[in-house]
Structure formats: structure tokens, C-alpha cells
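Descriptive structure summary
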Amino acid sequence: MKNVRYVLLLPIIHTLLAVIMICRQDVRVWQSLPQQLPNPAGSQAVMYDNNHVIMWVPCYEFHMRDEERYFFIAEMPTGILFGSNPKLNECHPNVVMPLLRKAHTPPKVARIILDLLLTFGILGQWWLIGYRIDKSREQSNTVRRWIIPSLWMTVAAILMASAQFVYADWHEEVALLSGVAALIGWLVLLTILGIDAIGFSYRKIRGLRV
């Protein structure tokens, strides 16, 4: 594993998984997208039939599909920021949807914008993680604390994505367990990042005082 370029390996794997999941999701929802972005009063999801509103569903009755759970858990930071919002409703808010709604963006254009932001966001976050691993290795720093959770999350993401294509009684259990594993990996990695950031800031402040 010493010759592995994580700055290439991690972004390629996760971006490929993201593209597969986005395509699977878009094939399902593309034809049912509304003619304009919904702007319901309150926290509600809107259900469509041939581009016409047929019912309003409160968000507490709205459940994430497999692709949505994948992005919110396996690709947590980007998934939370840009979200996987297939029906472009209010139940899965993100930082972009209010801007798209205010700009009266056509739903299919909004869907493409969100897909691109999600894809490049995932590519960017894993490029940064891979770059940090490779840089630490060049500086002879201990990198196991970065490599182990990164590979752990990558395997969990592969299992979680693969489970969506297996129509068996146990596919939900595999998706659930791999999702929990991915979540734990992100918590560990974000904790390590926070500790490193605190240590870096402390060294800089100490250097200024000297």
C-alpha cells in the first residue's frame, strides 16, 4: 500500500459511486419532475402525477429512499450541504435549493445543477482527504489514523451502494450496517481533523509568542 496514490484512488472510487447513484436516482424521477419548483407552505413534500400536484405529504411522513440515505451518510459533508433531493421538495433542504427557487430555475435545470454540485463536491472532499494522506506520508508522519477510517468509509460506501442493486431480503440490513459503519468512520475522521486543526493552531500561536 506504500505506492498507492490516495489523492487519485479515493476521489475516483467515490466519484464513480456518486455518479452511479445519481444516474439511478435521476432515471427514476426525471419524467416526474414538476414544471416549476414547488414552494409549499410549511414543511411538506409534494407528490406529482404527470406534472400535476395530487397531494401534499407532511415531512414527518416522508421517508428517504436508498440513494438519498447513501449521500447523506456515506458522503456526509457534501451530502448535507447539497443533499440528494430527487423531488426538489422542502423535506430535504440544502444550501442551494432556496437560491434555485428564488431564481425560478426550471426543475430539470435545478436537478442538473444539484447533481453537478454533489458530484464535484464529493470529488473535492475526497481529493482533499487523499492529498492529506499522501502529504503526511511524504513528511514521514503517522498516516494510519487517516488511512484506516478513509478506507473503512470507502468499503462501507461500496457495500452501501452495491446493496441498492441487490433485490434480496437481506439488502436492507447490509445497507443499514454499512451506513452505520460509514457514519462511524466520518465521526472518527472529523474528530482527527479537529484534533489536527487544534494542534496546528496551537503550534502557530506558540511560534508567534516565541
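Data block above holds the structure.
Residues numbered from 1 in each chain as written. Predicted model: local features only at pLDDT ≥ 70, side-chain atom pairs only at ≥ 80, totals over all residues. Heavy atoms only, no water.

Taken as a whole and assessed by the stated rule, the structure comprises three aromatic pairs. Plain terms: the ring middles of Tyr70 and Phe71 are 5.2 Å apart, the flat faces sit at 80° to each other, and that makes the pair edge-to-face. Of the residues examined, Phe71 reaches a relative accessible area of 0% and is grouped as buried. The residue whose ring lies beneath Arg24 is Phe165, and the NZ or CZ to ring-centre distance is 5.0 Å. (Phe/Tyr/Trp six-rings, centres within 6.5 Å; stacked < 30°, edge-to-face > 60°. Buried < 20%, exposed > 50% of the residue type's maximum accessible area, 1.4 Å probe, protein only. Lys NZ or Arg CZ within 6 Å of the ring centre and 35° of its normal.)

On to the environment of Ile73, then. Relative to the elements of secondary structure, Ile73 occurs in helix H2 (residues 66-73). Placed 84 residues apart in sequence, Ile73 and Ala157 show a C-alpha to C-alpha distance of 8.8 Å. Apart from residues lying up to four places away in sequence, Ile73 is in contact with Met160, Gly179, Ala182, Leu183 and Trp186. (Helix = DSSP H or I, 4+ residues; strand = E, 2+ residues; numbered from the N terminus. Contact = heavy atoms within 4.5 Å.)

Let us look at the packing of helix H1 (residues 6-29) against H2. Each pair of packed helices gets described by two things: the angle between the helix axes and the distance between those axes. Remark: H1 packs on H2, axes separated minimally by 10 Å, with the N-to-C direction vectors making an angle of 150°. The element H1 and its partner H2 pack so that their crossing is left-handed. Residues Leu17, Ala18, Met21, Ile22, Arg24, Gln25 and Arg28 of H1 form the contact with H2, whose participating residues are Glu67, Glu68, Tyr70 and Phe71. For the contact of H1 with H2, the class distribution of residues is six nonpolar, one polar and four charged. (Axes fitted to C-alpha atoms, helices over the stretch in contact; angles between N-to-C directions. Left-handed = near helix turned anticlockwise from the far one by under 90°. Nonpolar A, V, L, I, M, F, W, Y, C, P; charged D, E, K, R; others polar.)

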